[in-house]
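Here are the chains, one letter per residue:
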Amino acid sequence: MSATRIASVTGRRLWDSRGRPTVEVEMTTESGASGRAMAPAGASTGTGEAVDRRDGGGAFGGFDVTGAVASVNEEIAATLRGMDAADQDGLDARLIELDGTEDKRRLGGNALIAASMAAAHAAAAALRMPLWRYLGGSDDSLLPLPEIQIFGGGAHAGRRVDIQDFMCIAVGAETFAQALDWTAEVYRAAGSLMAGAGKLRGVADEGGFWPAFDGNEEALGYLTRAIEAAGLEPGGQMAISLDIAASEFGRGGVYRLARDGRDLDSGAMIDMLKGWLGRYPIVSIEDPLAEDDPKGLKAFTDAAGAAVQVIGDDYLVTNAERVRAAAAGGICNAVLVKPNQAGTLSETRAAFDAARAAGWGAVVSARSGETEDVTIVHLAVGWGAKQLKVGAFARSERMAKWNEGLRIADALDNRGALPPRTAFPWGR
Ligand code: PGA
Ligand code: ZN
């Protein structure tokens, strides 16, 4: 008997934060340990992502996952039983081979990522280690700097504004706990400002306030005022980070800003963003141009990449090859790391390693459809990722992750210190 040999693999259908079905995998080892993980789901997805298996048809808008759950209980369980849960690379390679498709659509990216992450949980439990430590963390690991949404938009808010995420980054914070304290004050202040202006309409998919703004730029003004109202210095202590998610409104070099009532070409988009960089304390921009516009992405990185972090999400889809090619071409300078875009933990790790080898930033990220699963926090700490993106400072599928970070911080010698400011583009 080996402590980490897989004894059973069980799939079940549970529900995500949008009330849609999702896949959970529970794995036990011969020593009686067990681990489980749930698949998240994106709404503004890149075309190169691993594809979830959904039933289609009338039930639950076609989002049901009984087929993906069957993948787990039949083929995946039969294949993984008897394998070593601690052999993540070997096990993931078997899953990829078993699926046999380029984009994991046969068994389902949702079935595969839940199985792959459940194996890591089961192995860590069998070895009696917290997951972050099993994944490489040590007593002096650092916590990742949080990137936290204050206003939601784009595909997560009925396209009420075009830009998807208006976030803040506590660039002056020294600990994870301090970054959360400061963000809690900004989130409260933003809610009060919106209430005072008669603009408070609840929250978007990731818990950021619903963006009842007259234009995209108005949100930036409110966010800067919220930072000031929280008693923080914009730029010095608390900076702004944006996910433009431009693939959602840009195609073929035309960017349709519905809220602002204008169409921009690549060059005009870049000029608009550069204008914002000059007027607001922005330190990071994700997907400034669309996934079909690498020339535009490169032009933006050439123009602004020395001053700001330029993150590729839709264009890179957590794919190591794409990260290497984009680094060689100077197309961005950081990658968003979402396990379910890759479909297995080893491929996610490969994308992260490719970013590190290129001297890039890497932001471990949740999806807009989430669950109480906190695996990504352990990945970020265990792998030594410097940043973590989880959505807003509200809704328990988000708070579960921030709270898990606080628990991990308590176990560390440094009690949750963040990387020094000089570790980030804005500190250099
Ligand atoms: P998604 O949004 O999960 O809907 O893709 C998150 C992001 O774009 O970063
Ligand atoms: Zn994104």
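Above this text you will find the structure in question.
Residues numbered from 1 in each chain as written. Chains lettered and ligands numbered in written order. Predicted model: local features only at pLDDT ≥ 70, side-chain atom pairs only at ≥ 80, totals over all residues. Heavy atoms only, no water.

**Student:** Got a sec to walk through the layout of surface pockets? Specific residues and values, please.
**Tutor:** Any empty space left between the atoms is revealed when a probe the size of a water molecule rolls over them. Each pocket or cavity is described by its volume, and for the largest pocket that value is around 340 Å³. Looking at the largest pocket, it is lined by 18 residues, and the ones nearest its centre are G48, E102, K104, N319 and E347. For the lining of the largest pocket, the secondary-structure elements that each account for two or more residues are helix 9 (320-329), helix 10 (339-342) and helix 11 (345-357). Among the elements that take part in the lining of the largest pocket, helix 9 stands out by supplying three residues, more than any other. Tallied by class, the residues present in the lining of the largest pocket amount to six nonpolar, five polar and seven charged. Space inside the second largest pocket adds up to approximately 290 Å³. Around the second largest pocket sit 17 residues that line it, and G359, W360, G361, A362 and K386 are the ones nearest its centre. Listing elements by their share of the lining of the second largest pocket, those giving two or more residues are helix 11 and strand 13 (361-365). The element best represented in the lining of the second largest pocket is helix 11, accounting for three residues. Taken together, the residues of the lining of the second largest pocket break down into eight nonpolar, six polar and three charged. (1 Å grid on protein atoms, 1.4 Å probe; cavity = no way out; pocket = protein on both sides within 12 Å on 5 of 7 lines; lining within 4 Å. Points joined across faces, edges and corners; volume = space filled by probe spheres on them. Helix = DSSP H or I, 4+ residues; strand = E, 2+ residues; numbered from the N terminus. Nonpolar A, V, L, I, M, F, W, Y, C, P; charged D, E, K, R; others polar.)

**Student:** I'd like a rundown of the side chain of T318, residues and numbers included.
**Tutor:** Within the fold, T318 resides in the loop between strand 11 (309-312) and helix 9. A polar contact is formed between the side chain of T318 and the backbone oxygen of L336, at a distance of 3.4 Å. At 3.0 Å, the side chain of T318 forms a polar contact with the backbone nitrogen of K338. Leaving out residues up to four positions away in the same chain, T318 has contacts with L336, V337, K338, Q341, A342, E347, T348 and A351. (Polar contact = N/O pair within 3.5 Å; in protein donor to acceptor, adjacent residues only side chain to side chain. Contact = heavy atoms within 4.5 Å.)

**Student:** Explain the coordination of the zinc ion (ligand 2) to me, using residue names and the numbers behind them.
**Tutor:** Donor atoms from the polypeptide that bind the zinc ion (ligand 2) are D243 (OD), E286 (OE) and D313 (OD), placed at 2.1 to 2.2 Å. Written as a sequence motif, the donor residues of the zinc ion (ligand 2) are D-x42-E-x26-D. Residue D243 is found in strand 6 (residues 239-243), and its partner E286 is found in strand 10 (residues 282-286); the two are separated by 43 residues along the sequence. Overall, the relative accessible area of 0% leaves E286 in the buried class. (Donors = N, O, S within 2.8 Å, 3.2 Å for Na, K, Ca; no water. Buried < 20%, exposed > 50% of the residue type's maximum accessible area, 1.4 Å probe, protein only.)

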